[in-house]
Amino acid sequence: MAVASASASASPLPAAPSTRCSPPRAPAPAFLPLRAHHRRRVAWLGTVSARRIFRAEAIRTQREKEQTEVAVEESFPFRETSPPEDADDPLVTAEEGWVVKLEQSVNIFLTESVIMILDGLYRDRNYARFFVLETIARVPYFAFISVLHMYETFGWWRRADYIKVHFAESWNEFHHLLIMEELGGNSLWVDRFLARFAAFFYYFMTVAMYMLSPRMAYHFSECVERHAYSTYDKFIKLHGEELKKLPAPEAAINYYLNEDLYLFDEFQTSRVPCSRRPKIDNLYDVFVNIRDDEAEHCKTMKACQTHGNLRSPHSMRKCLETDTECVIPEDECEGIMDCVKRSLVNKE
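Let me sum up the structure you'll find in this document. Keep in mind it's a predicted model, so treat the numbers as computed, not measured. (Residues numbered from 1 in each chain as written. Predicted model: local features only at pLDDT ≥ 70, side-chain atom pairs only at ≥ 80, totals over all residues. Heavy atoms only, no water.)

## Regarding the packing of helix H7 (residues 160-182) against helix H12 (residues 283-304)
Helix-helix packing is characterised by the crossing angle of the two axes and by the distance between the axes.
Stage number 1. Following both chains from N to C, one finds H7 and H12 inclined at 155 degrees, their axes separated by 11 Å at the closest point. When the axes of H7 and H12 are compared, the pair comes out roughly antiparallel. As for the relative orientation of H7 and H12, their crossing is left-handed in sense. Residue-level inspection shows Val 165, His 166, Glu 169, Asn 172, Glu 173, His 176, Ile 179 and Met 180 of H7 in contact with H12, the latter providing Val 286, Phe 287, Ile 290, Asp 293, Glu 294, His 297, Thr 300, Met 301 and Cys 304. (Axes fitted to C-alpha atoms, helices over the stretch in contact; angles between N-to-C directions. Helix = DSSP H or I, 4+ residues; strand = E, 2+ residues; numbered from the N terminus. Parallel < 35°, antiparallel > 145°, perpendicular 65-115°, else oblique. Left-handed = near helix turned anticlockwise from the far one by under 90°. Contact = heavy atoms within 4.5 Å.)

Below is the structure:
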């Protein structure tokens, strides 16, 4: 599904907002957690000189930068800030480079195959297509949560911020699904069967992928979210005038205007909480906000591909004040395969 990803900022952090947000005000500077993470890491590595850091960045290859940079879609111009090119990109070693390329190639092939099937089945049935997309879109997030809960049960590690952010993402996709159901996207049993069967299969595939390689699972979700963004963006451009004449569904009004928006802020990890407040006057506004939600999901999935990079927007200030409690140890492995690899290297 479609779009751009998270990044970092060198500016000082604003004061932590309260859970319930004040009325709309002048846009706050976007909260970009990666640069803060970079500062914490440099402080923690105290013995590493600035010269070594700058030299490491200078010798980074163009291919490695292309693997980590996020392109902002031209059709999404209202992004408050664009990611700086030097924003704490992970350095991919020569040994891992081919693995990353293979993972991304497999993900792109799978995504394009699914897109071809959906294009054939739902060429002129937009709401049914959106219902299928949103049914599937929820799956990765509670698949991630399932694996993280299992790791906690075994005492391997705890990722409170990851679980909280992924739940917020699932909560957002759930309301997208309610909107599509209210618009009649699930009126045919064949669409309901296809969506739920695909979601069932997708869940176990995502669990297995996430256990083997979280980086690959997050990249696959980024591809899916990128497709969702582009799908909604094209739909808005083609049917914008018609959508402006139609009323907003009740599910959209309840979610974007009437609910406590703590969880709405939680999944947008590149923004300051309360900095985005949707306008819902008609159906056009609803689809614009759904499209923008997919953009935020894509940015968060991009941030997750760097191990230990994800931070809850609401817990960021606490993490900066108590760095030792929030920095993930470098010797912590990412998934089953990474744990096995590290254990073999340690034995040698």
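Now that the structure is up, let's keep going.
## Re the environment of Gly 240
Stage number 1. Inspection of the secondary structure assignment puts Gly 240 in helix H9 (residues 214-243).
Stage number 2. Given the relative accessible area of 8%, Gly 240 is considered buried.
Stage number 3. For the pair formed by Gly 240 and Asp 285, sequence separation is 45 residues and the distance between their alpha carbons is 9.5 Å.
Stage number 4. Not counting the four nearest positions on each side in its chain, Gly 240 is found in contact with Phe 235 and Tyr 284. (Buried < 20%, exposed > 50% of the residue type's maximum accessible area, 1.4 Å probe, protein only.)

## Quick notes on H7
Count 3.6 residues to each turn of an α-helix, and residues three or four apart come out pointing the same way.
Stage number 1. The first and last C-alpha atoms of H7 sit 33 Å apart over 23 residues, in line with the 33 Å expected at 1.5 Å per residue.
Stage number 2. Once H7 ends, the next one or two residues include Gly 184, with phi positive near 95 degrees. (Expected span 1.5 Å × (residues − 1).)

## Re the pattern of salt bridges
Stage number 1. Under the definition given, this model contains twelve salt bridges.
Stage number 2. The salt bridge partner of Asp 292 is Arg 291, with a shortest N-O separation of 3.2 Å. Taken as a pair, Asp 292 and Arg 291 share a single burial class, namely buried.
Stage number 3. Taken together, the shared-partner salt bridges in this structure form one network comprising Asp 233, Lys 237, Arg 291 and Asp 292. (Salt bridge = Lys/Arg side-chain N within 4 Å of Asp/Glu carboxyl O.)

## A short note on the state of the cysteines
What we call a disulfide is simply a covalent bond connecting the sulfur atoms of a pair of cysteines.
Stage number 1. Counting across every chain of the model gives zero disulfides.
Stage number 2. Sulfur of Cys 223: no disulfide; nearest cysteine sulfur belongs to Cys 298 and is 8.2 Å away. (Disulfide = S-S within 2.5 Å.)

## Description of unusual backbone geometry
Trans peptide bonds make up the majority, and among non-glycine residues the majority have a negative phi.
Stage number 1. Its identity is not glycine, yet Cys 274 carries a phi of approximately 80 degrees, on the positive side.
Stage number 2. Residue position: Cys 274 is located in the loop between helix H11 (262-266) and H12.
Stage number 3. Of the residues examined, Cys 274 reaches a relative accessible area of 17% and is grouped as buried.

## Brief notes about the packing of helix H5 (residues 126-137) against H12
Stage number 1. Put simply, H5 and H12 touch, their axes get as near as 14 Å, and they point 35 degrees apart. As for how H5 packs across H12, the hand of that crossing is left-handed. On the side of H5, the interface is formed by Tyr 127, Phe 130 and Glu 134, while H12 contributes Leu 283, Phe 287, Ile 290 and Glu 294.
Stage number 2. For the contact of H5 with H12, the residue count by class is five nonpolar, no polar and two charged. (Nonpolar A, V, L, I, M, F, W, Y, C, P; charged D, E, K, R; others polar.)

## Some details on a nonpolar patch on the surface
Stage number 1. On the surface, a nonpolar cluster with roughly 580 Å² of combined accessible area is contributed by Leu 188, Trp 189, Val 190, Phe 193 and Phe 197.
Stage number 2. Within the fold, Phe 193 resides in helix H8 (residues 189-212). (Patch = residues over 30% accessible without salt bridge, like charges linked within 9 Å, V, L, I, M, F, W, Y side chains within 5 Å. Areas by Shrake-Rupley, 256 points an atom, 1.4 Å probe, with all protein chains shown as cover.)

## Side note on the nonpolar core
One broad rule of soluble globular proteins: the nonpolar side chains tend to lie buried together.
Stage number 1. Counting 56 residues, the largest nonpolar core has Ile 179, Met 180, Tyr 210, Tyr 256, Val 286 and Phe 287 as the members making the most contacts within it.
Stage number 2. Secondary structure elements with two or more residues in this core: H5, helix H6 (139-153), H7, H8, H9, helix H10 (250-258) and H12.
Stage number 3. Here this core gets nine residues from one element, more than from any other, and that element is H9.
Stage number 4. Not counting residues within four places of it along the chain, the set of residues in contact with Tyr 256 comprises His 176, Ile 179, Leu 261, Phe 264, Pro 278, Ile 280, Asn 289, Ile 290 and Asp 293. (Core = buried A, V, L, I, M, F, W, Y, C linked by side-chain atoms within 4.5 Å.)

## Structural notes on the packing of aromatic side chains
Stage number 1. Summed over the entire model, instances satisfying the criterion amount to 25 aromatic pairs.
Stage number 2. Geometrically, the ring pair formed by Tyr 203 and Phe 204 is edge-to-face, given 5.1 Å between the ring centres and 80 degrees between the ring planes.
Stage number 3. We classify Tyr 203 as partly exposed; its relative accessible area is 22%.
Stage number 4. These aromatic residues form a ring-pair network of at least three members: Tyr 127, Phe 130, Tyr 232, Phe 235 and Phe 287.
Stage number 5. Between Arg 159 and the ring centre of Tyr 162, over which it is positioned, the NZ or CZ distance is 4.9 Å. (Phe/Tyr/Trp six-rings, centres within 6.5 Å; stacked < 30°, edge-to-face > 60°. Lys NZ or Arg CZ within 6 Å of the ring centre and 35° of its normal.)

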